[in-house]
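# Structural characterization, general
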Amino acid sequence: MAAINGIRQHLHEHSPFADEPTDCVQWVPGDEVQGNEYNPNTVAPPEMKLLTLSVEADGFTQPIVVHQIDGHRYEIVDGFHRHRVGSRSAAIKRRLHGFLPVVTIRAARADQTDRIASTIRHNRARGIHGVAPMTDIVVSLLRAGWSDADIAKELGMDPEEVFRFKQVSGLPDLFQKQPYSRSWD
């Protein structure tokens, strides 16, 4: 890994994008990456399960943003929950050989107050999922042949959520395969 990271670092130094942290993703031992003491963000258990599924199914698509404390320790600026998944899931940890992908925040932003502001910006910039767009997604997946169970699993929903999105859509054909119940009379 040292050789791969060294090659990436050398390329980064000569890159026209050298000021962009994502230009140089490094793989560091997971036990050298630690959380910070100021992140107010929390993730509920269903979303943590979904994040774990996401990293298991899709891989690490976003590196963990860190501040390098010394030559061998890193403090998280953004990605605490990705760090948790990469450190606690035995299958992911084994797949990554105990390493985690990180990018280092710009040196000019390394002061703790700048890192705190960056953490909050990362947290707040994630946005929320609107009902109408999520309904459209559920409808398109159903029309593509996905089952309610597939949608619930892959999107981190419970069965009632999928049912509610189907109701919101107002499209009766989404309920064609539902078993008839006398309670509907």
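Residues numbered from 1 in each chain as written. Predicted model: local features only at pLDDT ≥ 70, side-chain atom pairs only at ≥ 80, totals over all residues. Heavy atoms only, no water.

Looking at an unreviewed UniProt entry, one finds the protein chain named Co-activator of prophage gene expression IbrB, with Candidatus Burkholderia verschuerenii as its source organism.

### Observations regarding the nonpolar core
Counting 14 residues, the largest nonpolar core has Val-33, Phe-60, Ile-64, Val-66, Ile-92, Leu-100 and Val-102 as its most contacted members. Elements supplying a minimum of two residues to this core: helix 2 (45-58), strand 3 (64-70), strand 4 (73-78) and strand 5 (99-104). Excluding residues that lie within four positions of it along the chain, Val-66 makes contacts with Val-33, Tyr-74, Glu-75, Ile-76, Val-77, Val-102, Val-103, Thr-104 and Ile-105. Counting residues in hydrophobic clusters, the runner-up holds nine residues, among them Val-138, Leu-142, Ala-152 and Phe-165. (Core = buried A, V, L, I, M, F, W, Y, C linked by side-chain atoms within 4.5 Å. Buried < 20%, exposed > 50% of the residue type's maximum accessible area, 1.4 Å probe, protein only. Helix = DSSP H or I, 4+ residues; strand = E, 2+ residues; numbered from the N terminus. Contact = heavy atoms within 4.5 Å.)

### Comments concerning the pairing of strand 3
Taken residue by residue, a regular strand's side chains alternate between the two faces of the sheet. Where strand 3 and strand 5 come together, three bridges link them in parallel fashion. Each bridged residue has a counterpart across the sheet, and for Val-65 the counterpart in strand 5 is Val-103. As judged from the five bridges shared by strand 3 and strand 4, these two strands associate in the antiparallel manner. In the sheet register, His-67 faces strand 4, and the bridge partner there is Glu-75. Between the antiparallel neighbours strand 3 and strand 4 lie two residues. (Pairing = 2+ DSSP bridges.)

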